[in-house]
Amino acid sequence: MTTWREQLAFAPLATFDRGEEVGRRLRYAIELGVLEDGTQLPSENELAAKMGVSTLTLRAALAELRGRGLLETRRGKGGGSFVKASTGDIIKAERESIMAYSLDDLRDIRDYWAFLAGSAAAAAAERSGRLSLARLASMAVKIESAEDSAQAIRDDSRFHIELAASSGSVRLTREEMAMQAEVGPLIWAAPAGYGDAASEHVAIVEAIRSGDRARARALAEDHVRADMNRVLDLRMSVDASRKESFPDPVKEEREVALIESFSELLADTASSSIRSIEDAVRVQLGSKREADSSALDAIYDVSRRTLEGNVALLYGAGFLPDTSFGHAGVAWCHAPTGPQSLQRLVIDWDLYDIGTVAWRPEHYGDGTVHISHAYLDANGSNENVLTFSKAVFVEEEMVGIVAADVLVRGIQSHLEPHLRALPPNTCLVDQQDAIIATNTGRFMGGTYSAGQYAGKQIDLHAMPWRLFVGTPTAGPTGE
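Heads up: these notes are all about the structure in this document. (Residues numbered from 1 in each chain as written. Predicted model: local features only at pLDDT ≥ 70, side-chain atom pairs only at ≥ 80, totals over all residues. Heavy atoms only, no water.)

Looking now at the overall build of the protein. Looking only at helices and strands, one finds 14 helices and 13 strands in the protein. Counting the 479 residues in the protein, one finds 49% classified as buried. Relative to all contacts within the protein whose residues are 6 or more apart in sequence, the contacts with residues 24 or more apart total 66%. Here the protein has roughly 21,900 Å² of accessible surface; of this, 48% comes from carbon and sulfur atoms. (Helix = DSSP H or I, 4+ residues; strand = E, 2+ residues; numbered from the N terminus. Buried < 20%, exposed > 50% of the residue type's maximum accessible area, 1.4 Å probe, protein only. Contact = heavy atoms within 4.5 Å. Areas by Shrake-Rupley, 256 points an atom, 1.4 Å probe, with all protein chains shown as cover.)

Next comes the structure, spelled out in structure tokens:
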């Protein structure tokens, strides 16, 4: 009978990049303990057939693994290829620098990994009556006896992969294995020891054993988030400017002033960009009274030039015509991958309902620039953004909206040096209590919770934001 480990390690590969993928699949399986030390691989012909590759492709992959010291070949009767994974330096040799990840990357990994782990734990709890949990339970506490961080990485990864396997889904288990191969070593890069990993593992297993799906999911998600929050903190601390172990009121005042200056610059840049595009709209629509393609092209040219000069702060800018002119298109420029990627945004009007978007206020008639809360732009960029917007009127008739987008991760990036110089648990909060910048990992992507914060509140003048200057022992509830 084929075990889940064999299904996971030897499943057929996708049709692309088979030469590279076969070696990577087997390497992950060995490094993470799916294929345990001493395991004999099937014969080359059998394994090639299982994975859907040629024997030549498989042989090249096995040769690479032998070169890495992950396989050994034994001759004679009972010979073949055997896993050699007993050394403690395997994953250490593969460890990537934490600086290869942005804070936004790590936050996304945290949320996706929490989803994987929570889903696996909930599925395992649902089928707990048909599971033998002895192996999972033994792996839960194994990390307590780890002699070094390399062994702790392996023990922790093997627990999570076994947890995923308990869900009964090979696909989910394969996703967990890939996740462990990518970030498993990062979890133990922070000098915080093994913490409460074993007791958290045990609690997850007990929730599964009792068939409590909700509790199993919650415990698994909390465990993963806590691990990744430590990684976020470590990433934030690299080259940190905060060296003092005591409060420095003068420095704090200076950094707060710099954060205030940034908010003023951001508001001024967005507002001036909007007014430049608004002038172009008035010129183009003042006589034509309709947003035809030539008018929109001319407005787009102005939007592009405006964004090009302000791309360090803005993500997108342009004009969205009112529906009374039909959906001839939009004059919107954005920079999806940075200053060199300026391009026109094409909107599918069957999917984009401008009347219900998160950034559109109820009343535009006051003639001011409105500032939205942070939201996920699911209808466009799939980025977390906030939007500055203003209605354009020609002869007292609204003809559309001029707007500018700002990436939330851009705000974090710009303010990171100043936030690092402030006490831990400092965070910047928007008008709907979403945390849009912070110096503490567990708060990233979280929400400010009133009554659980002991820091000093500072209202920024240029933006509808509040800055909470934290303390070492108190803070809002993050994710």
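After that view, the rundown keeps rolling.
We now examine the pattern of salt bridges. Counted under the stated rule, the structure contains 16 salt bridges. In this structure, Arg59 and Glu44 form a salt bridge, with 2.7 Å as the shortest nitrogen-oxygen distance. Of the two residues, Arg59 is situated in helix α4 (residues 55–67) and Glu44 in helix α3 (residues 44–51); the sequence distance between them amounts to 15 residues. Between Glu206 and Arg209 there is a salt bridge, with the nearest N and O atoms lying 3.4 Å from each other. With Glu206 and Arg209 both in helix α10 (residues 197–209) and 3 residues apart, the pair spans about one turn of that helix. (Salt bridge = Lys/Arg side-chain N within 4 Å of Asp/Glu carboxyl O.)

Negative phi is the rule for most residues except glycine; trans is the rule for most peptide bonds. A positive phi angle is found at Asn425, which is not glycine, with a value near 75°. Considering the arrangement of structural elements, one finds Asn425 in the loop between α14 (408–420) and β10 (427–429). Asn425 sits in the buried class, given a relative accessible area of 3%. In this structure, Asp433 is a non-glycine residue whose phi angle is positive, near 75°.

Attention now moves to the sheet that holds strand β13 (residues 466–469). Pairing is antiparallel across the open sheet formed by 4 strands, whose spatial order is β11-β10-β13-β12. Sheet topology places β11 (435–438) and β12 (456–459) at the edges, where each strand pairs with a single neighbour. Strand-to-strand twist of the sheet, defined as the mean angle between neighbouring strand axes without regard to direction, takes the value 25°. Bridge count between β10 and β11: 3 bridges; the pairing is antiparallel. Directly across from Cys427, in β11, lies its bridge partner Thr438. Together, β10, β11 and β13 form the strand contacts of α14, whose direction differs from that of β11 by roughly 35°. (Pairing = 2+ DSSP bridges. Axes fitted to C-alpha atoms, helices over the stretch in contact; angles between N-to-C directions.)

Right, let's get into the packing of aromatic side chains. Under the criterion given, the structure shown has 1 aromatic pair. Pairing Tyr448 with Phe468 gives two aromatic rings, centres 4.5 Å apart and planes at 15°, and the pair type is stacked. Note that Tyr448 is positioned in the loop between β11 and β12 and Phe468 in strand β13, a separation of 20 residues in sequence. For the pair Tyr448 and Phe468, a shared accessibility class is recorded, and that class is buried. Lying over the aromatic face of Phe82, Arg74 brings its terminal NZ or CZ to 3.9 Å of the ring centre. (Phe/Tyr/Trp six-rings, centres within 6.5 Å; stacked < 30°, edge-to-face > 60°. Lys NZ or Arg CZ within 6 Å of the ring centre and 35° of its normal.)

On to the packing of helix α6 (residues 103–126) against helix α11 (residues 213–237). One way to put it is that α6 packs onto α11 with a least axis distance of 7 Å and a crossing angle of 160°. Relative to α11, α6 is oriented roughly antiparallel. Our pair here, α6 against α11, has a crossing hand that is right-handed. Residues of the contact of α6 with α11, tallied by class, amount to 16 nonpolar, 3 polar and 9 charged. (Parallel < 35°, antiparallel > 145°, perpendicular 65-115°, else oblique. Left-handed = near helix turned anticlockwise from the far one by under 90°. Nonpolar A, V, L, I, M, F, W, Y, C, P; charged D, E, K, R; others polar.)

Let us now look at the pairing of strand β2 (residues 80–83). Across 4 bridges, the pairing between strand β1 (residues 71–74) and β2 is antiparallel. Residue Glu72 lies in a different strand from β2, and its bridge partner there is Phe82. Hairpin connection from β1 to β2: 5 residues lie between these consecutive antiparallel strands, with Gly76 at a positive phi of about 85°.

This part takes up the environment of Ser145. As for its position among the elements, Ser145 is in the loop between α7 (134–142) and α8 (149–165). On the basis of relative accessibility, which here comes to 54%, the residue Ser145 falls in the exposed class. At 3.0 Å, the side chain of Ser145 and the backbone oxygen of Lys142 are in polar contact. (Polar contact = N/O pair within 3.5 Å; in protein donor to acceptor, adjacent residues only side chain to side chain.)

Next up on the list: the nonpolar core. By size, the foremost hydrophobic cluster in this structure holds 46 residues, and its most contacted members are Val281, Phe319, Phe388, Ile411, Leu428 and Trp465. Sort the elements by how many residues they give to this core and helix α12 (residues 249–288) lands first, with 10 residues. Contact partners of Val281, with chain neighbours within four places excluded, come to Gly286, Ile299, Phe319, Val392, Val399 and Val402. Membership of the second largest hydrophobic core comes to 38 residues, among which are Tyr101, Val183, Ala220 and Leu234. (Core = buried A, V, L, I, M, F, W, Y, C linked by side-chain atoms within 4.5 Å.)

A separate point is α4. In a regular helix each residue adds 1.5 Å, so 13 residues correspond to 18 Å; α4 covers 18 Å between its end C-alpha atoms and thus fits that length. Of all the positions in α4, only Leu58, Ala61, Leu62 and Leu65 are classed as buried. The buried residues of α4 occupy one face: seen down the axis, they fall within an arc of 100°. Turned more than 90 degrees off the buried face of α4, the exposed positions are Leu56, Ala60 and Gly67. Once α4 ends, the next one or two residues include Gly69, with phi positive near 80°. (Expected span 1.5 Å × (residues − 1). Arc of directions from axis to C-beta.)

Going residue by residue along strand β4 (residues 331–334), you find Ala331 and Cys333 tucked away on one face and Trp332 and His334 tucked away on the opposite face as well. Sheet topology note: the strand β3 (residues 316–321)/β4 ladder contains 4 bridges and is antiparallel. Bridging across to β4, Phe319 finds its partner in Ala331. As judged from the 2 bridges shared by β4 and strand β5 (residues 343–344), these two strands associate in the antiparallel manner.

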